[in-house]
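# An overview of the molecular structure
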Amino acid sequence: MRSFLSACLTTLALAGCSTPAPQSSAPSDAPAAARDLILGDSVVAKVRELGSDKYQGRAPGTHGDTLATAWIAAQMKQLGLEAGMPDGSYRQTVPFWAAAAKFTITLKAGGKDVVLNDSSTAVVWESAPTADVAVDDKELVFAGYGIDAAEAGWRDYKTPVAGRIVLALYGEPTRPDPAQPGKSDTTFFLGDELGWYGFIMHKAEAAGAQGAAALLLVVDEKASGIPWSALQSYAREWSHLKPDPRYPKHVPNVFFVNRKAADRILALSGRTFDDALKAAGDSAFTPVGLKTGVSIRIKQRIREFGSDNVVGRITGSDPALKNQAVIYTAHWDHMGIDTTLKGDQVYNGAVDNALGVAGLLELARAFKAAPKPPKRTVIFVATTAEEQLLLGAQYYVYHPVVPLDSTVADLDLDVENTWGRGKSVLAMGMEETSLGELLTGMARARGREAKPNPMLVAGGRYRTDRFAFARMGVPGIIYQGGDLVGKTPAEEQRLMGDYLATRYHQVTDSVRSDWDMAGAEEDLRLFFELGWRLADGAPRPAWKMGLRHTLMFGKPLATGR
Ligand SMILES: [Zn+2]
C-alpha cells in the first residue's frame, strides 16, 4: 500500500480516494426521526446488561467472552443488521495466544548485580510465543529514546545494537518553547503531546529492525504521565495476536521497567537517570555500551484461543457506492476477573467500554429506522482485545470485510460522557484528515465546538481502535462531550480525575446512579449524523500529509494489500 497510498494520499488531498467515487447526488441529512430514536435510557439499559457481573468482566478467551459476543451478535440480529461476514455469520474469529509470564532479568557489572522479577519494577509487554525464553549474558546498551526516524530528522541508532539488549526511554525528547516558558516547542516532535516515536509500538519496531535481543523500556511516571499501576496490569495473563508475517516486526522480548529499576540498572555502570536523560535529549546521541551483562528468563504457560470481532452491516442503497463503507467500532472486551482481589473481583467495564458497545447498537438501531439505507454500506464492528492494545482492530484491518481502500472512515466509540451535556466535543483524529472540518461544521450547526481531546497529550491517539485503522490509511475520529454545561472547568477536571483515579481499569467501573446520559445521547446523535453524511455520499475525507502526519504516524506501513 505504501507506494499506492502515497499516490492516493496526494490525490486524496485534492478530490477523494482510490476508486474514484461514482458521481451521485449530494448526501442527504440524517433522517431526524431515526436520529431521535437514540436515547440515553436505552443506552444505559444495554450497559446494565453488558456491564453486569454476569459477563465476568469480558476478558478475551474466557466464558465472559462467550457470553458477551453471543449477546452482541443476538442484539445485532434482533436489530435487523445483516451478518457482517462473507460466511453469513456475525463473527470474525481472531486467533490469539496468551500467557501469564513469570520472568527474571539479571544484570551484572563490576561484581554487583540487579535482579528484576516482579511487577514492583518490571512487567513483560511482549515475549516470544514459547513456554521458555532464555537470553544469556548479552551486553546492555543504552539507546536514548530508541527512536529511528530519519523521516523526522532523529536517529538514535547511529551504531549497531544487533544481538544486544537495549535500554531506552519511553516518550520523545522535548525542547523548551522560547516564546512560552514552561511549554515545549511544538515544532520539535509534537511538543508536549506524545507522538508516534514516543509510543511503545515504535520503540518495539525500531529495536526489532536493529536486531536487538530484547528491549527494556523505562517508563518514568512523572515524565510519561502513566501511573505504574496501569502498567502492572500487564503482570496478569496477556494476549497477543498469533504471528502474521504482514504485521509490523517487533523486538522479540519487551519489558516496561520503572524509574526505580532504571536508577538501579544505571548505577551498575556509575550513571544516574538524569545523566541518561540529558544524553538522550541530544540529537548527536549515539548508543552507549553499559558494560553490563544481562540474562533473561521467561517462563510462561501458553494458551491459544479464538476471540471474535462481532460484525453486522447495512448494505448501501446505491449500486456503486454500496461497495464502499463507513465503519463504526467499539471494543466489547475488558479486563475480566482478578481472583487475587478481596471482595469485588469483576472488572465490569461499564464506562470502558460497555457504554461504547451500547452506543454502537443504538446507532445501528437508528440507521435501521431510516426509511432507506444510505448510499454506502455501514459496518458495525464490536472488537475484541482492545485493552491488549487494539488487537481485534489490528486483525480486522489485515482482514477487512470491505477492502480498506474502499473504507471511507472509522468512527470509534470508547468511553462515553456520563456527566451531562457538553458545550464541546473533544475529538481525537480531527487534525489528521478533513474529518475534522466536517465534524467542526456539524457540531457548530448544533451550537457546539469541536476541539482536540486533552487525552492526546498522554498518547490517547494511540490507545483506541481508531488508531489501528488510521495507521493503515483509513481516516478515523473518536470524541466525547466536554466543557460540561453548568459545571466549571475545575469541577469537570475533578470529575475526570476522580474517574481516572478511582474507576478507570478498576473493578469499580460500574453503572452509577449519578450518570446523566443527556450528554452521551447528544454525542451519539451527532455521531449518527456524521456517519450518515459520510455514508450517504459525502466526499471521502482527505488526509493532511506533511511532517506533523509523519510525527503522528511514522513511516506508512507496507500492508501487502
Ligand atoms: Zn476502552
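Just so it is clear, the structure is predicted and the values come from calculations on it, not from any experiment.

### Quick word on the pattern of salt bridges
Applying the stated criterion across every chain yields a total of 33 salt bridges. The partner of E529 in a salt bridge is R446, with the nearest N and O atoms 2.7 Å apart. Note that E529 is positioned in helix 15 (residues 518-535) and R446 in the loop between helix 12 (435-444) and strand 17 (449-452), a separation of 83 residues in sequence. Accessibility expressed as a relative area gives 38% for R446, which makes it partly exposed. What you see here is one network of salt bridges that share partners, running through R35, D36, R446, E521, R525 and E529.

### Remarks on the coordination of the zinc ion
Those protein atoms acting as donors to the zinc ion are H331 (NE2), D352 (OD), D414 (OD) and D414 (OD), and they sit at 1.9 to 2.8 Å. With four donor atoms in place around the zinc ion and angles of 50 to 143° between them, the coordination shape is irregular. Expressed as a motif, the donor residue spacing for the zinc ion is H-x20-D-x61-D. Of the two residues, H331 sits in strand 13 (residues 325-331) while D414 sits in the loop between strand 15 (407-413) and strand 16 (422-428), which places them 83 residues apart along the sequence. Taken individually, H331 and D414 each receive the classification buried, so the pair is uniform in this respect.

### Considerations on helix 12
Those residues of helix 12 that sit buried are L435, G436, L439, T440, M442 and A443. Buried-residue contacts for helix 12 involve strand 15, strand 16, strand 17, strand 18 (476-484) and helix 15.

### Digging into the environment of Y395
Looking at the element boundaries, Y395 is found in helix 11 (residues 391-398). The spatial distance from the C-alpha of Y395 to the C-alpha of T93 is 9.4 Å, given a sequence separation of 302 residues. In this view, Y395 contacts Q92, T93, V94, P95, L241 and Y247; residues no more than four positions away in its chain are not counted.

### Considering the environment of E193
Among the secondary structure elements, E193 is positioned in the loop between strand 8 (165-169) and helix 5 (200-209). With relative accessibility at 14%, the residue E193 sits in the buried group. Between the alpha carbons of E193 and G460 there is a distance of 9.4 Å; along the sequence they are 267 residues apart.

### Section: the domain arrangement of the chain
Domain boundaries assigned for the chain yield domain 1 (5-96 + 309-553) and domain 2 (98-302). Domain 1 puts 31 residues into the contact, and the matching count from domain 2 is 27 residues. Both faces considered, domain 1 and domain 2 share a buried interface measuring about 2700 Å² in area, 60% of it formed by carbon and sulfur atoms. Along the contact surface separating domain 1 from domain 2 lie two salt bridges. Residue E205 is joined to R471 by a salt bridge in which the shortest nitrogen-to-oxygen separation is 3.0 Å. For the pair domain 1 and domain 2, the number of links is eleven residue pairs in polar contact (both at pLDDT 80 or more).

### Brief notes about the pairing of strand 12 (residues 288-314)
Bridging between strand 1 (residues 82-83) and strand 12 involves two bridges; their strand directions are antiparallel. Bridge pairing in strand 12 places E82 opposite R313. Relative to strand 12, strand 2 (residues 91-109) runs antiparallel, the two sharing 18 bridges. Bridge pairing in strand 12 places A98 opposite R303. The sheet contact formed by strand 5 (residues 132-142) and strand 12 spans eight bridges and is antiparallel. Within the sheet, the bridge partner assigned to D132 lies in strand 12 and is K299.

### Some details on the packing of helix 12 against helix 15
Relative orientation and spacing of two packed helices are given, respectively, by the angle between their axes and the distance between those axes. The contact between helix 12 and helix 15 brings their axes to 11 Å, and the two run at 130°. With respect to helix 15, the element helix 12 is oriented oblique. The crossing of helix 12 and helix 15 is right-handed. Together, L435, L438, L439, M442 and A443 of helix 12 and L526, E529, L530, R533 and L534 of helix 15 make up the contact between the two elements. Here the residues of the contact of helix 12 with helix 15 sort into eight nonpolar, no polar and two charged.

### Some details on the packing of helix 8 (residues 259-267) against helix 9 (residues 273-280)
Two elements in contact, helix 8 and helix 9, have axes separated by 9 Å at closest approach and are oriented at 90°. Relative to helix 9, helix 8 is oriented roughly perpendicular. Residues R259, A262, D263 and L266 of helix 8 form the contact with helix 9, whose own contacting residues are F273, D274 and A276. Residue classes in the contact of helix 8 with helix 9 are distributed as four nonpolar, no polar and three charged.

Basis of the calculations
Residues numbered from 1 in each chain as written. Predicted model: local features only at pLDDT ≥ 70, side-chain atom pairs only at ≥ 80, totals over all residues. Heavy atoms only, no water. Salt bridge = Lys/Arg side-chain N within 4 Å of Asp/Glu carboxyl O. Helix = DSSP H or I, 4+ residues; strand = E, 2+ residues; numbered from the N terminus. Buried < 20%, exposed > 50% of the residue type's maximum accessible area, 1.4 Å probe, protein only. Donors = N, O, S within 2.8 Å, 3.2 Å for Na, K, Ca; no water. Tetrahedral: all angles 85-135°; square planar, octahedral: opposite > 155°, others 65-115°. Contact = heavy atoms within 4.5 Å. Domains from an automatic or database assignment. Buried area = accessible area lost by both parts, 1.4 Å probe. Polar contact = N/O pair within 3.5 Å; in protein donor to acceptor, adjacent residues only side chain to side chain. Pairing = 2+ DSSP bridges. Axes fitted to C-alpha atoms, helices over the stretch in contact; angles between N-to-C directions. Parallel < 35°, antiparallel > 145°, perpendicular 65-115°, else oblique. Left-handed = near helix turned anticlockwise from the far one by under 90°. Nonpolar A, V, L, I, M, F, W, Y, C, P; charged D, E, K, R; others polar.

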